[in-house]
Every structure is written in structure tokens, then in C-alpha cells.
Amino acid sequence: MKNFDEAKARWNELAPKVRKAQEAYHLTGEPIMVDAAYDSLIAEMRALEDAYPQLWSVESPTMKVGAKAARGAVAELTHRERMYSLQDVFSREELTRWYEGIVAELPAGSRFTAEVKVDGLALNLTYRRGVLETAATRGDGVSGEDVTRNALAISTIPQRLVGDDHPELVEVRGEVYFPVAKFAEYNEAVAARNEEVERRNAEVDAFNKELAATNRERARRGEAPLARLRREDKLRTFVNPRNAASGTMRQEDTTGFAIRSLDFLAHGIGALEGASDELAAAMATQEGVYEAFASWGLPVSPNTEMVASLEEINAYLDKYQGARTALDHEFDGVVIKLEDRRVQEQMGYTARVPRWAVAYKFPPTEVQTRLLDIRVQVGRTGRVTPYAVMEPVFVDGSTVAQATLHNPFEVERKGVKIGDVVILRKAGDIIPEVVGPVLAERDGSERDFEMPADCPVCGGAIEPAKEGDKDLRCSNTRSCPAQLHQRVIHIGSRGALDIESLGEESAQWLAAPDRYRDDALIALATGHTLELTDEAALAAAQAGWPLEDGANPRVRMQLSLEQRVELGITDEDGALLDPEAIIPGDVQERLGLPAAQQPYLDTEAGLFGLTAEAMRDVRTWQPVKVAGEETGDWRYIRAGWTKPTWLKPNATREGYELRKESVPSKTLEKVLDELEKAKSKELWRKIVALNIRHVGPVAARELADTFGSLDAMLAAGREQLAAGEVPFADVEGVGEIIARSFLDWFEEDWHAEIVEEWRAAGVVFEDERADPDEDAGPRPFEGMTIVVTGAVEGFTRDSVAEAIVAAGGKATGSVSRNTTAVVVGEKPGASKTKKAQELGIPMWSAEEFIAKLGQ
Ligand SMILES: NC(=O)c1ccc[n+]([C@@H]2O[C@H](COP(=O)([O-])OP(=O)(O)OC[C@H]3O[C@@H](n4cnc5c(N)ncnc54)[C@H](O)[C@@H]3O)[C@@H](O)[C@H]2O)c1
Ligand SMILES: [Zn+2]
């Protein structure tokens, strides 16, 4: 524990920071730190004040409920009864202590309400004889800003209460919030509008520039200048729904989309005057208050429950902590309130919070971390997306080190620079997102992200596929290892050739063995270790690295900061001198680093020609893990082949001799075996495997069922095209876009080559059609088209379709005039049954269907 002087020094250090944060948060609506950071500073100050009460006074920032509006800026309203904050706890243990403390003072069987803690802006609505008189923010708890006009614009806040038993006056307390779904919509709309404004402003600038010349001319002639055009202001996007609620509620404009998006939930009561005896009695409990509110048409939370034990409280916490994105509003915790309002009054309040309630706060969904770099990755279709590389942080259940930034416009919109402290947000199973920079943390060393002009993987040009496209793509579609790697993964996926062993890793050996080379180089350039074995270690030994003692040759490369500076890799602060090359080429050579590899595949054409031999010398980069966690170190290892065995006949380090060559690994053997089997799989799978845009399993199946072979498909399609018809118009599920995309694909030379080479390797682009005469089984559904909606017992979606096909019928997904019958299973789709009714198509129950199938 600190002594008093230390505690005082620390308190004095914290107080101004906390005050500044409170002002920024409550007055400007532009927080300078995330809530978790603020909460921990407040907790630290409270702990100091608890240990040394001399530090405490009513003026302490720990006593603040909010902040007074800046004087003169807005009209203020005084609350009839004070508005309090809530005592918060951050763990179940703290909550248990609170609960045990309070029940000790209460009659047995006391009940509590358990409520979600709505994350929004607190509001005080004053109704006089059932009519909304004023609405005010909480402010400092005594008085707040007058926001009556804006409150009236919120459709769920009644201007006039319904029912008739209204008191003379009542203060309804609650939370204004911005529904999560509308929040995303709002930010998107604003971003789109801002882009438009930017475009128009550029026109305005151009116009004004010309005007300036004209006006100079006019001035010379003694004429009055013409008026300049005005630039439009951009709108602000909000960092989170709470910020959006408080920003919107306190702004002037009440016409916009933002204010109309707001919603409200009542969760408390202030003054109550002139209530009938009956009403007063009904409102003697917290639950009674909510019931009265609801009867007056005020929105109350449907998620409130009554609880009477710690077990029930914990069950409520479990329920909502595990479902943080389940409600239409954000909630950052759970509030427990004593049910009996007379006892509430007896227990009373501290200067800041009621003694009869507590807020359990969930772990933060927003944290701060350092944005180390913005790098780009290349996807299956060549799309280049920037992503953030961050100092790893723990947030809402997992460690996050990377987050996508979608596109360069998004980077600009968020306003983040490399080196910024950023706010990172993750809630529930929502993908982590960089919200924006913490501007207060900038020191001028941050730099802007620039989209590279060339693909970092293959060097191909990065450009929009079409003019005006937001997405940028690597133009080397054919051979960019990043794109090819993803295409090969797709070939192996379930919906295509379903080759289990051909996944992320083995596809990488074939198409992009150096996928992680840059990451490994960055590791080496930032002081981490790079481990080389076998031949690569012997090569490194040639460059002067010491071989470690052991049965196999092994080198661990590591560079001190001094060495890195001397080699021209980094500056004295450890920042990379050449972020693109990471380690300059000649230095890589001098260090004996393995050179970049030429991938086995140049396009997927070579896939079925794969041999074990072709993989013999392929190596790959792998992160070193200890107990499942990456250490930051990397190793360079053989890919598809096992380790060789070495013989060390004498003690000298160079004396390694190969004893047993390595052999193809089990995985590689399996890949080869399964590729062989894939050659004769169904035609539709091979069509999907071609990676043709828009052509997925559904369309591919329809095409294969209709034509039976690729050649027939192409012939028919091309003929229709030549005749000026829409190709495949008669094939269900294949629209014009799909049809054209399909036919276009084969026009590209290197695409045609894929088909040729696959064929040469034994891939059959034809379905073996069973001869109907030979087919022994009965075909009760011959010529029928059947739609199944809902679950049929004993079948999966796929197997029911297979059964229909095996019985000679056609299984389709949508009801049309051509449908023979609709099988109505359990939980059927409403639209399908309705359509069937409309068209007068027979409907079979699951039992009827099974009976017919068995005929
Ligand atoms: N980031 C910053 O710099 C900064 C600065 C100051 C405050 N803050 C944040 O503001 C918060 C403190 O503000 P606070 O005093 O409003 O405390 P609070 O948000 O922890 O809790 C009190 C409030 O919860 C609301 N609430 C929501 N649902 C409720 C329900 N069902 N029943 C009762 N009340 C309910 C009420 O409006 C009440 O006033 C903290 O989360 C803190 O992190 C952040
Ligand atoms: Zn590329």
C-alpha cells in the first residue's frame, strides 16, 4: 500500500485527468478515453480515498454524477427530485458482497427487479396531468439541459399519456437510446452523404477559383464582385450508439433521420404529486411503477424480471451477459433494484447513488490499443483490403491483434493513422472493429496510410475493377499467389470438389508457400527469432550463423537492435526503414535467409498434374506457439514432406550427412489420393471448382442436370447467344447474369487452359447417366417436380432432395406452375405454402410423401 504522500501525489495526478475526461464526455460528447479506461481511473481514485479519507471531499471527481451544461449555451431545467447515478460493481464477487450486505438489513423474502442497463442518455420527463411538460438531460443531477423539443420528436415518447388515472405531476426517468440496427444504417447514410458533399465541394472550389479570376477582372472594371458559392459541411458519424443517442438528443436539428431513430425506455420515477390513493398504492413497488407507466403508454423494458435470491440474480446475469447483441439496444450491464419503494426511501441515497440499487457492469466491449501498422490482404477475387495490425488486447472474451478496415475510404472515414492509439470495439460474436483514433493521444509521429500501388504478394497493379469502384483489386488474376491460394481452397471446399485434405494449409503449399514470409521477416526485423532447420540451417551456417548442437542441423536467427540498425533494417527507435521490403534484398542474402520460392502452381491448371516429387523442396513459414499462444517467433519448415534424418559422424558442426531422405507426408499422400478420386465426381462439383463468378452449387447442379456434360452446356449456351436469345433461359435458377458470367469465363485463354489441362489429367466433365432401362429401382416420381418446405422426419435437406431425384423426380426450391406437388414438413415456409395455394398445387404431408416414395 502507498503511504499518504504517495497516495496524495497519485490522487493529484489523476484528478485533473478524470475531470477533463468527465467534461469531454458529458459536455462535448467527444470522449477522450474509452469507458473502461475512465472506470479504472475512477476506481483507483476511490481506492485512494477509501484508504485516506483526507483526500476525499464533495468536490472530488469521484462524486460527480455528470456535468453542468456550459453556462449560457442551452436552457437549463431543475429536476424536482435529484437524478442519481448508480453504484457499480465489476465482478460477481463484488455483487455478492453488495447483495449479502443489503439483505442483512431487509425483511426475509424481499424482492428485487433485475433489469438490463440500457446504454444511452438519461432523461427526465415531467408530465403534468398527463401531458408532457418538459424533458431534461440528467446534467449534474440537480439540473440538466432542456431537450423538450427533441423529446417530442421521439415517436415512442407520448406527448399525452393514455388512460385516465394520472397524477397531478410525475417525473418519469428513463433512457434515450439509438437502436443498434439504425445506428449502422445512420453511419452508412452519413458516410455516403459525406462523399457526395465532398464531390460537390470540389465543384464549388473549382467554380470559386474561376470566379476569383472573373472578380479580379470585374474589380479592374470597377464592377461589384459576384458572390462565391458556399461549401457544404459534412455530417459527423458517431462512434457508438450511446454517443449517437447523446449527440442526437442534444443537437438542434429535430427534422433529421437521427432524431427520428431514437427510442426510449422508462426505468425509474422521480417526483410523484397528487396521485389518487389507488395509484399511490399501486406505485408502492418498483414493479407497480413500471405497470403504471405501461398502462399510460410509456415504453418499459420487456426484459425486466423479479428476483428474490442470489441464484436468480446470477441466472439473470448469465442470460444477458451471454446475449449482449440480442436486444435492439445496447446494454452494458444489469441493474438490481429493491422492489419495495417505501424501504427504498428509508434506505435513501449517498450524494451520488441510491443505496438500494446496484449496477453490475459487463466487461468492456471497447478498449484502447496501439495501431502498429495498416497492411493489406488479397482475397479470392483479388480484392485488396486494408487491415489493422494492433498491439494485442483482450476484449470481451478474446485477444484481438488484427481487424479489417474494409477499404481505403473506410480508413479515411475513421481518420486513423499508423501509430495512433485507437478504440477497438468487440461485442459478443461481432467482428472486432477499429472505431477511431483517440485524438488526445497524438504526438505528431503518426503517419497516414497509403494504399500500395502494387500487390504486396505478387507485384501486380492494384486498381479498381471498374471505374468508380470502391473496391481495389490486384489485376494479376491469373497467377497472384494470394488469389490462387484462395481459389484452390475453394476447389477443395464442400460445395465444390469436397476434398477434405485440400484446405487452407495444403493449398498454401501448392499456391503460396511464402504466404507468411513477410510476417516472418517483420518478426526478425523486430527482434524475434527465426528458426531454420535441415538444408536451410546449413545454408544459414554458410552465412556465418552458428549451428546448434543436436541431431539435426538447426539455426536460430536473432538480431539485436544494434545489428538491425547497422544492417540498415531499422532506425534507432526500431521503426522499419523500408516498410515494403522489410529487410532489403541484399541484406536478406547476406544473412543467409531463404530466398522467395516459386510456387508449384501458376494457375489451377496444374492441380490435377500434381506429384509428390513436385512438392519435395517446398518449405513454408510457421508461427511458433507455446501452449496454443503465438510467441511472435517463426520457423521455416518442410511443407509436404517429412523431416530427413541426419547422421553426425564427428563432433564438428559442419559434419552433417544425410542419412535418410525425407518422404511425402501422410497429408500429401492423402491430397494426391483424393485428387485422383475427385476426377470422377459429379459434374456440378467440377463446374463449381472452376471458380466462375456467380456460379455456385445451385446453378451448377441445374446446368449439370439439364445438359449432362460441359460440352453440351457450352454448345447450347453459345448457340442461344448467337441467336440473340438469353442463354439458359429455360434452366431454372440460372438467370441472365449467371448465364453470361458462365459463358464469358470460357472465352479467357488461361481459363480454357484450365479445362484442357484438367481433362488431360483425367478429369471427366460429364455425368455418368444411368441407363433408365438398366435402372432396377421403381421411379414413382418420374417426370414430377417436387418442392419440399419444412423438415421431413428421417431426412436432411440434402437427402430429401436426393431421394426425390433417385425416384426419378426433380427437386427444386421454389414453387411455380411447373411444380407437381409441395411437401409440407415441420415448420414450413409461409411463402411457399401460400404460393402453392394460390396456384392450386397439391400439397402432401410428410407422411403422404414418404408413402408415395415407397411405392
Ligand atoms: N470515457 C470517459 O471519458 C467517461 C467520462 C465520464 C463518464 N464515463 C462513463 O459514464 C458512465 C458513468 O455515467 P453514469 O453516472 O451515467 O453511470 P452509469 O452509466 O454507470 O449508470 C447510471 C445510469 O444508468 C442508466 N440506466 C440504464 N438502464 C437503467 C435501468 N434499467 N435502471 C436504472 N438506471 C439505468 C441511468 O440513466 C443511470 O443514470 C460510466 O460508464 C463511465 O465509464 C466515461
Ligand atoms: Zn497479387
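Residues numbered from 1 in each chain as written. Chains lettered and ligands numbered in written order. Predicted model: local features only at pLDDT ≥ 70, side-chain atom pairs only at ≥ 80, totals over all residues. Heavy atoms only, no water.

In the nomenclature of an unreviewed UniProt entry, the protein chain corresponds to DNA ligase from the organism Trueperella bialowiezensis. Heading Function (unreviewed entry) of the UniProt record for the protein chain holds this comment: "DNA ligase that catalyzes the formation of phosphodiester linkages between 5'-phosphoryl and 3'-hydroxyl groups in double-stranded DNA using NAD as a coenzyme and as the energy source for the reaction. It is essential for DNA replication and repair of damaged DNA." Under the UniProt heading Sequence similarities (unreviewed entry), the entry covering the protein chain gives this text: "Belongs to the NAD-dependent DNA ligase family. LigA subfamily." (UniProt positions renumbered as here; feature names shortened; annotations may be inferred.)

Novice: With reference to specific residues and values, describe the overall build of the protein chain.
Specialist: Each helix and strand in the protein chain was counted, giving 27 helices and 28 strands. When each of the 855 residues of the protein chain is scored for burial, the buried share is 46%. Long-range pairs, those at least 24 residues apart, make up 66% of the contacts in the protein chain with a sequence separation of at least 6. With an accessible surface of roughly 43,500 Å², the protein chain has 49% of that area assigned to carbon and sulfur atoms. (Helix = DSSP H or I, 4+ residues; strand = E, 2+ residues; numbered from the N terminus. Buried < 20%, exposed > 50% of the residue type's maximum accessible area, 1.4 Å probe, protein only. Contact = heavy atoms within 4.5 Å. Areas by Shrake-Rupley, 256 points an atom, 1.4 Å probe, with all protein chains shown as cover.)

Novice: So what's going on with the UniProt feature "binding site: NAD(+)" (unreviewed entry) in the protein chain? Residues and values would help.
Specialist: Following the UniProt record, one finds the feature "binding site: NAD(+)" (unreviewed entry) at Asp35, Ala36, Ala37, Tyr38, Asp39, Ser85, Leu86, Glu115, Arg138, Glu175, Lys337 and Lys361. Tracing the chain through its elements places Glu115 in strand 3 (residues 112–118). Beyond its immediate stretch of four places on either side in the chain, Glu115 contacts His267, Gln286, Tyr290, Thr304, Tyr316, Gly333, Val334, Val335 and Lys337. Within the structure, the side chain of Glu115 is placed 2.5 Å from the side chain of Tyr290, a separation counted as a polar contact. In this structure, Glu175 sits in strand 7 (residues 169–177). Apart from the residues within four sequence positions on either side, Glu175 is in contact with Val118, Gly120, Leu121, Ala122, Asp263, Phe264, Leu265 and His267. One polar contact links the side chain of Glu175 to the main-chain amide nitrogen of Gly120, over a distance of 3.4 Å. (Polar contact = N/O pair within 3.5 Å; in protein donor to acceptor, adjacent residues only side chain to side chain.)

Novice: Tell me about the coordination of the zinc ion (ligand 2), residues and numbers included.
Specialist: Within the first shell, the zinc ion (ligand 2) binds the protein through Cys455 (SG), Cys458 (SG), Cys474 (SG) and Cys480 (SG), at distances of 2.2 to 2.4 Å. If you look at the zinc ion (ligand 2), its four donor atoms make angles of 96 to 118 degrees with each other, and the shape they trace is tetrahedral. Mapping the donors of the zinc ion (ligand 2) onto the primary sequence gives the spacing C-x2-C-x15-C-x5-C. With Cys458 in the loop between strand 16 (433–437) and strand 17 (462–464) and Cys474 in strand 18 (residues 472–474), the pair connects residues that are 16 residues apart, well separated along the chain. Given a relative accessible area of 27%, Cys458 falls into the partly exposed group. Looking at Cys474, the relative accessible area reads 2%, which means it is buried. (Donors = N, O, S within 2.8 Å, 3.2 Å for Na, K, Ca; no water. Tetrahedral: all angles 85-135°; square planar, octahedral: opposite > 155°, others 65-115°.)

Novice: Could you give an account of the site of ligand 1, naming the residues involved and the relevant values?
Specialist: As a matter of local geometry, ligand 1 sits amid 24 residues, with Met33, Asp39, Ser85, Arg138 and Glu175 nearest to it. At 2.8 Å, a backbone N or O of Met33 approaches a nitrogen atom of ligand 1. Protein coverage of the free-state accessible area of ligand 1, which is 820 Å², stands at 91%. Mapped onto the shell around ligand 1, the elements with two or more residues apiece are helix 1 (4–28), helix 2 (35–51), strand 3 and strand 10 (331–338). When residues in the shell around ligand 1 are grouped by element, the largest group, four residues, is from strand 3. (Near = heavy atom within 4 Å.)

Novice: Could you give an account of unusual backbone geometry, with specific residues and numbers?
Specialist: Unlike most non-glycine residues, Asp498 shows phi in positive territory, near 50 degrees. One non-glycine residue, Asp534, lies in the positive phi region at around 50 degrees. Along the chain, Asp534 turns up in helix 16 (residues 534–542).

Novice: Give me helix 16: which residues, what numbers.
Specialist: The set of residues buried in helix 16 consists of Asp534, Ala536, Ala537 and Ala540. All buried residues of helix 16 lie within an arc of 150 degrees about the axis, which places them on one face of the element. Those residues of helix 16 that are buried are in contact with strand 19 (530–533), strand 20 (554–557), strand 22 (629–638) and strand 23 (645–647). Of the residues one or two after helix 16, Gly544 is the one with positive phi, at around 110 degrees. (Arc of directions from axis to C-beta.)

Novice: Break down the pattern of salt bridges for me, citing the residues and quoting the values.
Specialist: Counting across every chain of the model gives 58 salt bridges. In this structure, the salt-bridge partner of Arg10 is Glu44, at a minimum N-O distance of 2.5 Å. In this pair, Arg10 sits in helix 1 while Glu44 sits in helix 2, placing the two residues 34 residues apart along the sequence. Given the relative accessible area of 26%, Glu44 is considered partly exposed. With a closest N to O distance of 3.2 Å, Arg220 and Glu217 form a salt bridge. With Arg220 and Glu217 both in helix 5 (residues 180–220) and three residues apart, the pair spans about one turn of that helix. Of the residues examined, Arg220 reaches a relative accessible area of 65% and is grouped as exposed. One salt-bridge network, in which partners are shared between bridges, spans Glu196, Arg199, Arg200, Glu203 and Glu232. (Salt bridge = Lys/Arg side-chain N within 4 Å of Asp/Glu carboxyl O.)

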